[in-house]
Amino acid sequence: MPKFLIYGSYTQDGVEGLLEEGGTKRREATEQAARSVGATVEGYYFAFGDHDFYVIMDAPDQASAVSASLAANASGAVKVKTVVLLTPEEVDQAISRRALYRPPGRGG
């Protein structure tokens, strides 16, 4: 099952909701959203720094992951980004395909 990193930050409304409900309730809500698209949450972490939270999610496909991400963003309580994660084996497969590419300005 493909793996995704979802990370983001709370808006003012999101912070107020977090303060009201607590961290475990946010994890539970995220797990419920993941289940609704056939995905599972492998890990949910709060963090210091540029982003407030990081979620590692296994989803059946990219459309499922995007569906969960769009729903979160549409809420207005968070601003999330989704990153497709690749295994070392998937990178090996990509390397073995050797795509042909000519950089701009280098031959015709």
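Shown above is the structure to which this text applies.
Residues numbered from 1 in each chain as written. Predicted model: local features only at pLDDT ≥ 70, side-chain atom pairs only at ≥ 80, totals over all residues. Heavy atoms only, no water.

**Student:** What's the story with the sheet that holds strand S3 (residues 53–58) in this structure? I'm lost.
**Tutor:** Two pairing modes exist for strands in a sheet, parallel and antiparallel, and in both the strands are linked by backbone hydrogen bonds. Taken in spatial order, the four strands of this open sheet run S2-S3-S1-S4, and their pairing is antiparallel. Two strands close off the open sheet at either side, each with one partner strand: strand S2 (40–46) and strand S4 (78–85). Between one strand axis and the next, the sheet turns by 20 degrees as a mean value, whatever way the strands run. In terms of strand pairing, strand S1 (residues 3–10) meets S3 through six bridges, oriented antiparallel. Bridging across to S3, Ile6 finds its partner in Val55. (Pairing = 2+ DSSP bridges. Helix = DSSP H or I, 4+ residues; strand = E, 2+ residues; numbered from the N terminus. Axes fitted to C-alpha atoms, helices over the stretch in contact; angles between N-to-C directions.)

**Student:** Explain the layout of surface pockets to me, please; I cannot follow it from the model alone.
**Tutor:** Leftover empty space is mapped by rolling, across the atoms, a probe with the size of a water molecule. Estimates place the volume of the largest pocket at around 420 Å³. Breaking the lining of the largest pocket down by element, the ones donating at least two residues are S1, helix H1 (12–21), helix H2 (23–36), S3, helix H3 (62–74) and S4. It is H2 that contributes the most residues to the lining of the largest pocket, six residues altogether. Taken as a whole, the second largest pocket encloses approximately 170 Å³ of empty space. As for the second largest pocket, its lining consists of Met1, Pro2, Lys3, Gln62, Val84, Leu85, Leu86, Thr87 and Glu90. Broken down by class, the residue content of the lining of the second largest pocket amounts to five nonpolar, two polar and two charged. (1 Å grid on protein atoms, 1.4 Å probe; cavity = no way out; pocket = protein on both sides within 12 Å on 5 of 7 lines; lining within 4 Å. Points joined across faces, edges and corners; volume = space filled by probe spheres on them. Nonpolar A, V, L, I, M, F, W, Y, C, P; charged D, E, K, R; others polar.)

**Student:** Honestly, the pairing of S1 in this entry has me stumped. Any pointers?
**Tutor:** With eight bridges joining them, S1 and S4 adopt antiparallel strand pairing. Bridged to Ser9 within S4 is Lys79.

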